[in-house]
Amino acid sequence: MLRIMAVTEQQEMLADVPLHSLMNSDIKWFWVDFDCPTDEEMHLLDSYFHFHPLAIEDCMHLLQRPKVDHYEETNFFVLHALHPETLKAEEVDFFLGPRGIVTVHLTPSQEVDEAWRRMQDSNFRKNRDHNYVAYLIVDKLVDNYFPTLYKIEDQLNELEDQGENRANIQEMTEQIYDIRSDLLRIRRTVIPMRDLLYRIINSEKIPGVKGQLAYFTDIYDHLLKLTEMIESNREMTADLRDSYDSLRSNRMNAIMKTLTVITTIFMPLTFIAGVYGMNFVNMPETQWNAGYFIVIGVMVVLGFGMYLWFKRKGWFD
């Protein structure tokens, strides 16, 4: 689908105008959005707009790393949105020229749709241009990173509160590893976007950004905050993982200590049972009428005495 927005010198918005009218002298700036375009529509990037073949190729082959390329009067941007459920990166590209912006996304983009609705508002659109549209798209993309990270922070806080519940340590450990995996996916999107914004605000080849420098710097600050949140959450997951490993080790040590005490108590009892289980003829005790009860009594007293001694030593604490 092809969406076209054109703004005249009188700040009047023209919707769905023909492509050939975009070059009229009364058009101040325009925005053309290639929303899930067909092959025929993608061909317009070359046949009508005459963009560089390498940039067009990048639009058609996913997934490129976030970047900005300079082609004469046109700058080509590759940006990444973050799918809220799968956390996979979704590419949004746009060409920024002296009189207009052309956005290309092969999948539906909530961020581009939000920017489109904002620019349709005449009060909001006043004194704005296509350079501000570029800022608005990037800002929407970055803002939509925050809810996912906030959700992860809530999960970590919940896991931290459940840290004393030792019955579910294995389940909570698995959740920790899932969260670390999610943070890694987000990091692979946020860090390249942060580097891209740094290039944009320090580039001399994008004249349209100079008028919006404060806005793009604000986005860069948001990406720095996102980076800090990611690293902080990763450290928190590492701390929780180490805590759970310690709890699991302590539980294992307690179990091994209990089994060791039980084994130690039964060692002399097993020895006595083994001695009197031998089938020698000349064993005087085997001829006693009360021999069985005496041996059993000795074993009970010995076992109970060892238990009391271990308990006094604190082995059951």
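Starting from 1, residues in each chain are numbered consecutively following that chain's sequence as written. Side-chain atom pairs in this predicted model are given and counted only at pLDDT of 80 or more, local residue features only at pLDDT of at least 70, and totals for whole chains, interfaces and linings cover all residues. Calculation of side-chain values draws on the structure's entire complement of heavy atoms; hydrogens and water are dropped beforehand.

### A word on a negative patch on the surface
The following threshold applies: Candidates for patches are residues over 30% relative accessible area with no salt bridge; among them, like charges are joined within 9 Å and nonpolar side chains (Val, Leu, Ile, Met, Phe, Trp, Tyr) within 5 Å. For every accessible area listed, the method is Shrake-Rupley and the probe measures 1.4 Å; residues are considered covered only by the protein chains on display. By convention in these notes, a salt bridge is any Lys or Arg side-chain nitrogen within 4 Å of a carboxyl oxygen on Asp or Glu. Working convention for charge: Lys and Arg count positive, Asp and Glu count negative, and His plus the chain ends are omitted. Just so you know, the charge point we use is NZ for Lys, CZ for Arg, CG for Asp and CD for Glu. Only runs of H or I of at least four residues qualify as helices and only runs of E of at least two qualify as strands under DSSP, and these elements are numbered from the N terminus. Exposure categories follow from relative accessible area, calculated using a 1.4 Å probe and restricted to protein chains: below 20% of the type maximum is buried, above 50% is exposed, and the middle band is partly exposed.
Residues Asp154, Glu158, Glu160, Asp161, Glu235 and Asp239 make up a contiguous surface patch of negative charge. Elements with a minimum of two residues in the negative patch: helix H7 (146–161) and helix H10 (213–275). Given the relative accessible area of 46%, Glu160 is considered partly exposed.

### Thoughts on the domain arrangement of the chain
Accessible area lost upon the coming together of the parts is a frequently used measure of interface size. For clarity, the cut-off: In this document the domain limits rely on a domain assignment from an automatic tool or a database.
By the assigned domains, the chain splits into domain 1 (2–246) and domain 2 (254–313). A C-alpha centroid distance of 75 Å is found between domain 1 and domain 2.

### A closer look at the pairing of strand E3 (residues 27–35)
Rule in force here: Note: two strands are recorded as paired if DSSP finds a minimum of 2 bridges between them.
The element E3 is largely enclosed, with a buried count of 8 among its 9 residues. Pairing of strand E1 (residues 2–8) with E3 involves 7 bridges; the strand directions are antiparallel. When the bridges of E3 are listed, Ala6 appears paired with Phe30. Direction of pairing for E3 relative to strand E7 (residues 100–105): parallel, over a ladder of 6 bridges. Its bridge partner lying in E7, Phe34 is registered against Val104.

### Topic: H10
An α-helix turns once per 3.6 residues; consequently, residues spaced three or four apart project the same way. Stated precisely, the cut-off is as follows: A helix is expected to span 1.5 Å multiplied by its residue count minus one. Note that the bend at a residue is defined as the angle between axes fitted to the seven residues ending at it and the seven residues starting at it.
For H10, which comprises 63 residues, the first-to-last C-alpha distance of 92 Å matches the rise-based estimate of 93 Å (1.5 Å per residue) to within 8%. Along H10, the sharpest change in direction is near 30° and occurs at Met267; proline Pro268 comes one to four residues later.

### Comments concerning the UniProt feature "transmembrane region" (unreviewed entry) in the chain
Using the following cut-off: UniProt positions are given in the numbering used here, feature names are shortened, and annotations may be inferred rather than shown by experiment.
UniProt's entry tags residues 258–278 and 290–310 with the feature "transmembrane region" (unreviewed entry), counted in the numbering of this structure. With 86% helix and 0% strand, the stretch residues 258–278 has end C-alpha atoms that lie 31 Å from each other. What you have in residues 290–310 is 95% helix and 0% strand, and the ends, taken at the C-alpha atoms, are 30 Å apart.

### Considerations on the packing of aromatic side chains
The line we're drawing: Stacked, edge-to-face and tilted labels apply to pairs of Phe, Tyr and Trp rings (six-membered ring for Trp) whose centres lie within 6.5 Å, assigned for plane angles under 30 degrees, over 60, and everything in between, in that order. Should the NZ of a Lys or the CZ of an Arg lie within 6 Å of a ring centre and within 35 degrees of the ring normal, that charge is described as sitting over the ring.
What the rule picks out here adds up to 14 aromatic pairs. Taking the centre distance of 5.2 Å and the plane angle of 55° together, the rings of Tyr132 and Tyr135 count as tilted. Taken together, the residues Tyr132 and Tyr135, both in helix H6 (residues 130–143) and 3 residues apart, mark about one turn of the helix. In terms of burial, Tyr132 and Tyr135 fall into one category: buried. Here a set of aromatic residues connected by ring pairs shows up, and it is made of Phe34, Tyr48, Phe49, Phe51, Phe76 and Phe95. Seen from the ring of Trp116, Arg3 lies directly overhead, with NZ or CZ sitting 4.7 Å from the centre. Between the NZ or CZ atom of Arg128 and the centre of the ring of Tyr132, over which it lies, the distance is 4.2 Å.

### Considering the sheet that holds E3
Spelled out, the test is: Helix axes are fitted to C-alpha atoms over the stretch in contact, other axes to C-alpha atoms as well, and angles between N-to-C directions run from 0 to 180 degrees.
With respect to topology, 7 strands assemble into an open sheet ordered E2-E1-E3-E7-E6-E5-E4, the strand pairing being mixed. The open sheet has two edge strands with one neighbour each: strand E2 (13–15) and strand E4 (67–71). Direction aside, the axes of adjacent strands within the sheet are offset by 15° on average. For strand E6 (residues 89–96) and E7, the ladder comprises 4 bridges, and the chain directions are antiparallel.

### Some details on the pattern of salt bridges
Enumeration over the complete set of coordinates arrives at 7 salt bridges. For Asp113, the salt bridge goes to Arg3, with nearest N and O atoms at 3.0 Å. You can see Asp113 sitting in helix H4 (residues 110–120) and its partner Arg3 sitting in strand E1, a full 110 residues away along the chain. Judged by its relative accessible area of 14%, Arg3 falls in the buried class. With its nearest N and O atoms 2.8 Å apart, the salt bridge here joins Glu231 to Arg187. Linking Glu231 in helix H10 with Arg187 in helix H8 (residues 169–201), this pair joins segments that are 44 residues apart in sequence. By relative accessible area, which is 34% here, Arg187 ends up partly exposed. The network of salt bridges with common partners includes Arg3, Asp33 and Asp113.

### Description of the pairing of E4
Counting buried positions along E4 gives 4 out of 5 residues, so the element sits mostly inside the fold. Relative to strand E5 (residues 74–82), E4 runs antiparallel, the two sharing 5 bridges. Within E5, the position partnered with Tyr71 by the bridge is Thr74. In sequence, E4 turns back onto E5 through a hairpin of 2 residues, with Glu72 there showing a positive phi of about 50°.

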